[in-house]
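Chain by chain, the residues run as shown.
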Amino acid sequence: MRIAAISLAIVFCLGIGHAEAQNISDEAMRYFGRGQAAVEMAKSPADYEPAIREFKQAARLAPDWPDVYYNLGLLQEKVGRYDNAIRNLRKYLELSPNASDAGEVKQFIAKIEYKMEKKDGYEKVFKVMTSSDYVRKKMEERNGYFGA
């Protein structure tokens, strides 16, 4: 976990140089930096929530800044918000189509899509198994009642 946080922090630092080239406002940069600090302080996936909020604010202030969407995507994947992660990583690619890491980001999106499909499948099974109809049917089968 610590290695992941360190690697995320390194990636976040790379985004600052791109921001200066794009004339990003000081306020957006401030929120970006706050997001970086929140990532560095995170000790669990739940600890990434403050960082997500800070990066979202930076995105509101600088909606054409690709690095913000990249970082949001990374963090949202970490906390299991796969649909949001995919959306933000796609926005990153849209804003930065010639990014040197575009191929890697596309592969990462494919991995997240797979995780999302598996998660959705498990949630559907859980919902069925905990529905009152399913529980009633299983109880009836266990007690020897199979309907009239």
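All values derive from a computational prediction rather than experimental measurement.

Trainee: Explain the overall build of the chain residue by residue, including any values.
Mentor: Across its full length, the chain holds 7 helices and 0 strands. Within the chain, buried positions represent 36% of all 148 residues. For the chain, the share of sequence-separated contacts (at least 6 apart) that also reach a separation of at least 24 residues comes to 55%. Of the roughly 9500 Å² of accessible surface on the chain, a fraction of 54% belongs to carbon and sulfur atoms.

Trainee: Please give an account of helix H5 (residues 82-95) that cites residues and values.
Mentor: If you check H5, its first and last C-alpha atoms are 20 Å apart, about what 14 residues at 1.5 Å a residue would give, namely 20 Å. Looking at H5, one finds that the buried residues are Tyr82, Ala85, Ile86, Asn88, Leu89, Tyr92 and Leu93.

Trainee: Any chance you could break down the nonpolar core for me, citing the residues and the numbers?
Mentor: Of all hydrophobic cores here, the largest spans 33 residues; its most connected members are Phe55, Trp65, Val68, Leu75, Tyr92 and Val105. Listing elements by their share of this core, those giving two or more residues are helix H2 (26-41), helix H3 (49-61), helix H4 (66-78), H5 and helix H6 (102-130).

Trainee: Tell me about the packing of H3 against H4, and please be specific about residues and values.
Mentor: Between H3 and H4, the least distance of the axes is 9 Å, while the angle of their chain directions is 155°. The pairing of H3 with H4 is recorded here as roughly antiparallel in orientation. Here H3 and H4 pass one another in a crossing that is left-handed. Contacts between H3 and H4 involve Ala51, Ile52, Phe55, Lys56, Ala58 and Ala59 from the first element and Val68, Tyr69, Asn71, Leu72, Leu75 and Gln76 from the second. By residue class, the composition of the contact of H3 with H4 is 9 nonpolar, 2 polar and 1 charged.

Trainee: Could you give me a rundown of the side chain of Glu77, with the residues and numbers involved?
Mentor: Mapping Glu77 onto the fold places it in helix H4. If sequence neighbours within four positions are ignored, Glu77 has contacts with Tyr82, Ala85, Phe108, Ile112 and Lys115.

Trainee: Explain the side chain of Asp101 to me, and be specific about the residues and the numbers.
Mentor: The topology assignment puts Asp101 in the loop between H5 and H6. An unpaired buried charge is present at Asp101: no salt bridge exists, and Lys106, the closest side chain of opposite charge, is 10 Å distant. Once residues within four sequence positions are removed from consideration, Asp101 is found in contact with Tyr70 and Tyr92.

Trainee: Just give me the short version of the packing of H4 against H5, but keep the residues and values in it.
Mentor: At a minimum axis distance of 7 Å, the contact between H4 and H5 shows a crossing angle of 155°. By the angle between their axes, H4 is roughly antiparallel relative to H5. For the element pair H4 and H5, the recorded crossing hand is left-handed. Judged by residue contacts, Pro66, Asp67, Tyr69, Tyr70, Leu72, Gly73, Gln76 and Glu77 of H4 engage Tyr82, Asn84, Ala85, Asn88, Leu89, Lys91, Tyr92 and Leu95 from H5. Its residues placed into classes, the contact of H4 with H5 shows 9 nonpolar, 4 polar and 3 charged.

Trainee: Which residues make up H3, and what are the values?
Mentor: Along its 13 residues, H3 runs 19 Å from first to last C-alpha, staying within 8% of the 18 Å computed at 1.5 Å per residue. All of the buried residues in H3 are Ala51, Ile52, Glu54, Phe55, Ala58 and Ala59. Along the axis of H3, the buried positions cluster into a sector of 165°, meaning they face one direction only. Looking at H3, the residues exposed on the side facing more than 90 degrees away from the buried face are Arg53 and Arg60.

What counts as what
Residues numbered from 1 in each chain as written. Predicted model: local features only at pLDDT ≥ 70, side-chain atom pairs only at ≥ 80, totals over all residues. Heavy atoms only, no water. Helix = DSSP H or I, 4+ residues; strand = E, 2+ residues; numbered from the N terminus. Buried < 20%, exposed > 50% of the residue type's maximum accessible area, 1.4 Å probe, protein only. Contact = heavy atoms within 4.5 Å. Areas by Shrake-Rupley, 256 points an atom, 1.4 Å probe, with all protein chains shown as cover. Expected span 1.5 Å × (residues − 1). Core = buried A, V, L, I, M, F, W, Y, C linked by side-chain atoms within 4.5 Å. Axes fitted to C-alpha atoms, helices over the stretch in contact; angles between N-to-C directions. Parallel < 35°, antiparallel > 145°, perpendicular 65-115°, else oblique. Left-handed = near helix turned anticlockwise from the far one by under 90°. Nonpolar A, V, L, I, M, F, W, Y, C, P; charged D, E, K, R; others polar. Lys, Arg positive; Asp, Glu negative; His and termini not counted. Salt bridge = Lys/Arg side-chain N within 4 Å of Asp/Glu carboxyl O. Arc of directions from axis to C-beta.

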